[in-house]
Amino acid sequence: MSSTVGQVIKCKAAVAWEAGKPLVIEEVEVAPPQKMEVRLKILFTSLCHTDVYFWEAKAQNSVFPRIFGHEAAGIVESVGEGVTELAPGDHVLPVFTGECKECAHCKSEESNMCSLLRINTDRGVMIHDEQTRFSINGKPIYHFVGTSTFSEYTVVHVGCLAKINPLAPLDKVCILSCGISTGLGATLNVAKPTKGSSVAVFGLGAVGLGAAEGARLAGASRIIGVDLNSSRFAEAKKFGVTEFVNPKDYKKPVQEVIAEMTDGGVDRSVECTGNINAMISAFECVHDGWGVAVLVGVPHKDAEFKTHPMNFLNERTLKGTFFGNYKPRSDLPSVVEMYMNKELELEKFITHEVPFSEINKAFELMLKGEGLRCIIRMEG
């Protein structure tokens, strides 16, 4: 790779020219990394709902033309000025949020919400110089959440890259750079269920099943999956889910159904849909005295959480989490090791695979709600 150091690289990227229109495989120019930046070769990427959400651009401003993608794995090609902890050839997971290691959040043992590199969906440029590293015929192509992995090469701030075990298969661990870790960490790091306890998981998409996998690893004896789509229930059994509730099957609120099933409520709940009513149900279905509910899903901007204050006074706890409370650089390598040690199972999350040239197929699958994760192979 050394011949490309300091040079502009021409490669293929899937460019979103406008909202909701199929991505187009284009030849783009990728500039060398600047101060505290790293250029990497992406080998595998996968599609996450966040990409689709901002590509559709129905509910928020989105800049175009843009290269989406943020769940991926790759190999460092070259590093910019000031980068000491990564070198060409290192295996990395790019992450949509970062860890500068210097701000109050990074120095806190409790927070992973880095002041410098926290997710910013509006920014389409690099922090260093407010410029893009992608262009076509001299015209800028904008970045997405600092990662833009739907490109054979991309440039990422060093603080948004987790250096991982070089023996880890990149076509599997790439899914740990976003959704699966978000759900897994919500359970293991925030809800913290004890062995033999009961856990309710609201929403059985990839993030919710990551949360269920966390409950399975923690040794929960009952894992109750809640989803409006009953066809997801069979698949969810592979992730340790023991019982299923479809709120549409009942006349009473689902929190009452769960309280009856569990003699007063579950010990822990994890909400992974972002639906405000599901959030309220997830809180109200935990047991008084010790129950903890964790919110993961991102709600509508105008949503309001309403519950009676007695639910808190009766010793229920409500918590929120961002990226499973994992610090990307410090914590993700150990999640990869959980997979390498055969504790965490990733294969069952991967339901489809397409070559890069067929990336739009991955979008179609997600829009239809088919499968969990679709791996996009950058080569071949």
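Structure: see above.
Residues numbered from 1 in each chain as written. Predicted model: local features only at pLDDT ≥ 70, side-chain atom pairs only at ≥ 80, totals over all residues. Heavy atoms only, no water.

Draft legend 1. Region of the structure containing the sheet that holds strand S2 (residues 24-30). Here 4 strands make up an open sheet; going across it, the order is S1-S2-S6-S7 and the pairing antiparallel. Because the sheet does not close on itself, it has two edges, and the strands there are strand S1 (9-15) and strand S7 (139-141). Within the sheet, the average angular offset between the axes of one strand and its neighbour, ignoring direction, is 50°. In the sheet, strand S6 (residues 134-136) pairs with S7 via 3 bridges, with the strands oriented antiparallel. In the sheet register, phenylalanine 134 faces S7, and the bridge partner there is isoleucine 141. (Pairing = 2+ DSSP bridges. Helix = DSSP H or I, 4+ residues; strand = E, 2+ residues; numbered from the N terminus. Axes fitted to C-alpha atoms, helices over the stretch in contact; angles between N-to-C directions.)

Draft legend 2. Main features of the pairing of strand S8 (residues 153-157). Of all 5 residues that make up S8, 5 are buried, and the element is covered over most of its length. Neither face of S8 is open: one carries Tyr153, Val155 and His157, the other Thr154 and Val156, and all of them are buried. Pairing between strand S3 (residues 37-46) and S8: 5 bridges, direction antiparallel. Looking across to S8, one finds that arginine 39 is bridged to valine 155. (Buried < 20%, exposed > 50% of the residue type's maximum accessible area, 1.4 Å probe, protein only.)

Draft legend 3. Highlighting the state of the cysteines. Per the stated rule, a full pass over the model turns up 0 disulfides. For the unlinked cysteine cysteine 100, the closest cysteine sulfur is that of cysteine 114, found at 3.7 Å. (Disulfide = S-S within 2.5 Å.)

Draft legend 4. Region of the structure containing the pattern of salt bridges. A full pass over the atoms with the stated rule returns 22 salt bridges. Close ionic contact of arginine 39 with glutamate 77 constitutes a salt bridge, the shortest N to O distance being 2.6 Å. With arginine 39 in strand S3 and glutamate 77 in strand S4 (residues 71-79), the pair connects residues that are 38 residues apart, well separated along the chain. Like glutamate 77, arginine 39 is buried. For the salt bridge of arginine 222 with glutamate 243, the shortest nitrogen-to-oxygen distance reads 2.7 Å. A residue pair is termed long-range when its members are at least 10 positions apart, and arginine 222 in strand S11 (residues 222-226) and glutamate 243 in strand S12 (residues 243-245) qualify at 21 residues. Taken together, the shared-partner salt bridges connect Glu213, Arg216, Glu345 and Lys348 into one network. (Salt bridge = Lys/Arg side-chain N within 4 Å of Asp/Glu carboxyl O.)

Draft legend 5. Layout of helix H10 (residues 328-340). Helix length check: H10 (13 residues) gives 18 Å between terminal C-alpha atoms against 18 Å at 1.5 Å per residue, within 8%. Among the residues making up H10, those that are buried are Pro328, Arg329, Leu332, Val335, Val336, Met338 and Tyr339. Tucked into the core, H10 has its buried residues touching strand S5 (91-94), strand S9 (161-163), helix H3 (170-173), helix H4 (179-191) and helix H5 (206-218). Lysine 342 occupies a position one or two residues after H10 and carries a positive phi of about 65°. (Expected span 1.5 Å × (residues − 1). Contact = heavy atoms within 4.5 Å.)

Draft legend 6. How the structure looks around the environment of glutamate 243. Residues glutamate 243 and tryptophan 290, 47 residues apart in the sequence, show an inter-C-alpha distance of 22 Å. If we skip the residues at most four places from it in the chain, glutamate 243 touches Arg222, Ile223, Ile224, Gly225 and Met261. Of note is the side chain of glutamate 243, whose polar atom sits 3.4 Å from the side chain of threonine 242. (Polar contact = N/O pair within 3.5 Å; in protein donor to acceptor, adjacent residues only side chain to side chain.)

Draft legend 7. How the structure looks around the packing of H4 against H5. With their axes 7 Å apart at the nearest point, H4 and H5 run at an angle of 40° to one another. Classified by the angle between their axes, H4 and H5 sit oblique to one another. Where H4 crosses over H5, the two elements pack in a sense that is right-handed. Residues Gly179, Ile180, Thr182, Gly183, Leu184, Thr187 and Leu188 of H4 pack against Ala206, Val207, Gly210, Ala211, Glu213, Gly214, Ala215, Leu217 and Ala218 of H5. Looking at the contact of H4 with H5, its residues break down into 9 nonpolar, 6 polar and 1 charged. (Parallel < 35°, antiparallel > 145°, perpendicular 65-115°, else oblique. Left-handed = near helix turned anticlockwise from the far one by under 90°. Nonpolar A, V, L, I, M, F, W, Y, C, P; charged D, E, K, R; others polar.)

Draft legend 8. Spatial organisation of the sheet that holds strand S14 (residues 292-295). In spatial order, the strands read S12-S11-S10-S13-S14-S15; together these 6 strands make up an open sheet with parallel pairing. Across the chains shown, the open sheet's two edge strands, defined by having one partner strand only, are S12 and strand S15 (317-320). Pairs of neighbouring strands in the sheet enclose a mean axial angle of 20°, with direction left out of account. Here strand S10 (residues 198-202) runs beside strand S13 (residues 268-271); their pairing, made up of 4 bridges, is parallel. Each bridged residue has a counterpart across the sheet, and for valine 199 the counterpart in S13 is arginine 268. In the packing of H5 onto the sheet, contacts are made with S10, S11 and S13, and the angle to S10 comes to roughly 170°.

Draft legend 9. Highlighting the nonpolar core. Counting 105 residues, the largest nonpolar core has Leu93, Phe150, Val173, Leu176 and Leu346 as its most contacted members. Each residue touching leucine 93, except ones within four places of it in the same chain, is listed here: Ala72, Ala73, Cys160, Leu161, Ala162, Ile164, Val173, Cys174, Leu176, Ser177, Leu332 and Val336. Residues Val257, Ile258, Ala282 and Cys285 belong to the second largest nonpolar core, which totals 15 residues. (Core = buried A, V, L, I, M, F, W, Y, C linked by side-chain atoms within 4.5 Å.)

Draft legend 10. View of unusual backbone geometry. Residue proline 65 follows phenylalanine 64 across a cis peptide bond; omega there is -5°. Residue placement: proline 65 occurs in the loop between helix H1 (49-56) and S4. Even without being a glycine, methionine 36 presents a positive backbone phi close to 60°. Looking at the secondary structure, you find methionine 36 in the loop between S2 and S3. Overall, methionine 36 belongs to the partly exposed group, its relative accessible area being 28%. Its identity is not glycine, yet lysine 342 carries a phi of approximately 65°, on the positive side. For lysine 342, the position within the fold is in the loop between H10 and strand S16 (350-355).

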